Protein chains: 2
Amino acid sequence: MANINTNYLKLPGSYLFTEIARRVADYSAQHPDKKLIRLGIGDVTQPLPAAVTAAMHAAVDEMASAKGFHGYGPEQGYDFLRSAIEAHDYRARGMDIRADEIFVSDGAKSDCGNIGDIFAQDNVVAVCDPVYPVYVDTNAMAGRAGDYDAQSGKWSNLVYMPCVAGNGFAPEIPRGKVDLIYLCFPNNPTGSVATRDQLKAWVDYANRVGAVILYDSAYEAFITNPDVPHSIFEIAGARTCAIEFRSFSKTAGFTGTRCAYTVVPKDLERGGASLNSLWNRRQCTKFNGVPYVVQRGAEAVYSPEGRAQVRETIAFYLNNAKVIRDGLQSAGLIVSGGTDSPYVWAHTPDGMDSWGFFDHLLQKANVVTTPGAGFGPSGEGYIRFTAFGGADDTAEAVERVKAVL
Amino acid sequence: MANINTNYLKLPGSYLFTEIARRVADYSAQHPDKKLIRLGIGDVTQPLPAAVTAAMHAAVDEMASAKGFHGYGPEQGYDFLRSAIEAHDYRARGMDIRADEIFVSDGAKSDCGNIGDIFAQDNVVAVCDPVYPVYVDTNAMAGRAGDYDAQSGKWSNLVYMPCVAGNGFAPEIPRGKVDLIYLCFPNNPTGSVATRDQLKAWVDYANRVGAVILYDSAYEAFITNPDVPHSIFEIAGARTCAIEFRSFSKTAGFTGTRCAYTVVPKDLERGGASLNSLWNRRQCTKFNGVPYVVQRGAEAVYSPEGRAQVRETIAFYLNNAKVIRDGLQSAGLIVSGGTDSPYVWAHTPDGMDSWGFFDHLLQKANVVTTPGAGFGPSGEGYIRFTAFGGADDTAEAVERVKAVL
């Protein structure tokens, strides 16, 4: 008799965005006349940059001829893309990251989940609270989270690092021992950023205790403050303690086009083994690379035209963030994030709980948000707005929200 | 201190195709003037069907406009593609498989590897010998294979089912208990197929003992014999014991375009849990779907033009298989496969071992093949030729091989 992985049975209910989709679908079915504005799930809405679609068209044409056809590519990604990433995202910013430390993939979600494959089950995992649910759920599936307690909303074996208004949404270094530490800056969901000094403290801690930092910088393109680091590898010592996840999803509108990358430095060793080698083995064995057409599209993100187009789109979304932030503040809500991030994190008013405020905004303002509690117990009392909508929709949504506060 | 997954350290040397690539690169570096013909790795060479590239161009154009833009898609795949698969690959052949049992993914390699996530570590795994190495290596990584013995080339906890000339390359049902059974027909690497009666025996066995059959039918498009089943779901009872992996890679030239799918019937339960639900949860948590542009390309495989173009390409490759098969036989080699499969499986001559014959053909005939021993101990004494080359190259390769036998 085949036995299932019973850790799956411990997972509570649905994945957050599935639950939101369900509530929205139910409401829409009952009120088909209402025009919803979605500032909930962090999905982009602006088209792919013209430089990207031009490159994809050219690549599709290549695939249509025997001479230009590309079959299996390198599991790690084509050199043309890895080299472009090295040059523009790392060397141009003074970081010593080489192409063979960069693994191109189909998504930061996949990589954040799959990275657990190369680690033992007995590692102690620390996560921010609130947190992107994928870190928690994938560790629960792998048996690292222990058991879920519905009352506290916590897993027995995870170390939670609260990120709340009281500590400026900055996780504090755990007192007890931890082995794997998920950090995400600019943060999803709080929109907070980490300073160089804060990251230095994490790197020093990880090197001291032998922990590995799993650093998600999927939103680095939204950083406007020149003092905020874009990468963990801007911090001295990170090459011996950190893995970084990056994505084209939010940078260049690739949420439906699927391309990301993970950086595993060759200096990163644990138990005498190179984590770069382990991850390479994992990817070569369980993955077959990203579509050629998509990699050519991603390469075009780094062309002069592509970079200009990306800057324009990011500026567009950051303006939305400002509209949300300013509008909510003018209505009396306490907000953070939204300056170096596409996410605005707002306190719920009048002691409402997150899902209550979510339902209120859905039903009264017909605006879809994301309840903070869906990201962890310390997200209770907050709600997330995203800046990825259209400009008119965003402005209208803010007016509607103000009207029902 | 973070601990690594030490199962990775047990993996012997390189993944087969990495080792082949290394030997070929070494030879090419020493003999840059030699023109190699590659009949080794199972990679296609014919361009994408015109219907597919037309659909991809149209989809890229959609992604270039705010109105046509697609962000995150359903993790399980778009309904348009799942419905096309249901209609053409299953209902048209009389099988009762529904769209919500079909999970679109980036590759059968990914799915064959990732499927282990939903099963416990203590399952006993049976594999054919020789076998596609991904089944073995991914179970070794997950701790199901035990320890590797270099002398026998076997893992201590795997059950090996020899597929050799003596049993017509058909695995026999194990005497001892097994829980997960990987079957692949048309087979990679031997090119053999399974009859309806043989599959019925497997399905009956699996239902009796509660095992789950992991059925890889990535090569079903090459079946020409009307009596050979294309899917495990043609067999009564399979809905309660089988998961099927399919791919557009070999069918429609998608090795560099990346689209596949896995069928998990809703009737398949173990330990009171629905495997369809578990796989859905796995995919929703650790995967973000296949690029919209690629799914539109895959959908076009089922259009009247797409189907005609695919048939033409498959016929082209099958003719190559016939050229290889006939040529090797005329030179006195004993061969099998190559009629309902793109793979021709040949005995090595004069008691040569697989890698010896591989090196001989590389160095004397400048033809790249795949050594049978790379697929498992019972592959020793065989070598694999693939029919995925060009027609002229294939004919020339066969002549070169004949000249050095």
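Reading the values: rules and limits
Residues numbered from 1 in each chain as written. Chains lettered and ligands numbered in written order. Predicted model: local features only at pLDDT ≥ 70, side-chain atom pairs only at ≥ 80, totals over all residues. Heavy atoms only, no water. Pairing = 2+ DSSP bridges. Helix = DSSP H or I, 4+ residues; strand = E, 2+ residues; numbered from the N terminus. Contact = heavy atoms within 4.5 Å. Axes fitted to C-alpha atoms, helices over the stretch in contact; angles between N-to-C directions. Phe/Tyr/Trp six-rings, centres within 6.5 Å; stacked < 30°, edge-to-face > 60°. Buried < 20%, exposed > 50% of the residue type's maximum accessible area, 1.4 Å probe, protein only.

Caption draft 1: Quick peek at the sheet that holds strand S13 (residues 335-337) of chain A. Residues and elements named next belong to chain A. Spatially, S13-S14-S17-S16 is the arrangement adopted by the four strands of the open sheet, whose pairing is antiparallel. Of all strands in the sheet, those bounded by a partner on one side alone are S13 and strand S16 (370-371). Inspection of the sheet shows strand S14 (residues 343-347) paired to strand S17 (residues 382-386) by five bridges, in the antiparallel sense. When the sheet's bridge partners are listed, Trp345 is paired in S17 with Arg384. Relative to S17, helix H11 (residues 354-365) is tilted by about 45 degrees, and along the sheet it contacts S16 and S17.

Caption draft 2: Spatial organisation of the packing of aromatic side chains. For the coordinates displayed, the defined rule picks out 44 aromatic pairs over all chains. Plain terms: the ring middles of A:Tyr90 and A:Phe233 are 6.5 Å apart, the flat faces sit at 65 degrees to each other, and that makes the pair edge-to-face. Linking A:Tyr90 in helix H3 (residues 79-90) with A:Phe233 in the loop between strand S8 (212-216) and strand S9 (242-247), this pair joins segments that are 143 residues apart in sequence. Centroid distance B:Phe248 to B:Phe254: 5.7 Å. Interplanar angle 45 degrees. Geometry classified as tilted. Judged by relative accessible area, which is 2%, B:Phe248 ranks as buried. Overall, the relative accessible area of 0% leaves B:Phe254 in the buried class.

Caption draft 3: How the structure looks around the environment of A:Val404. Residue and element names in this part refer to chain A. As for its position among the elements, Val404 is in the segment after helix H12 (391-403). Given a relative accessible area of 21%, Val404 falls into the partly exposed group. Distance from Val404 to Ala87, taken between C-alpha atoms, is 49 Å for residues 317 residues apart in sequence. Residues contacting Val404, with those up to four places away along its chain left out, are His360, Leu361, Lys364 and Ala365.

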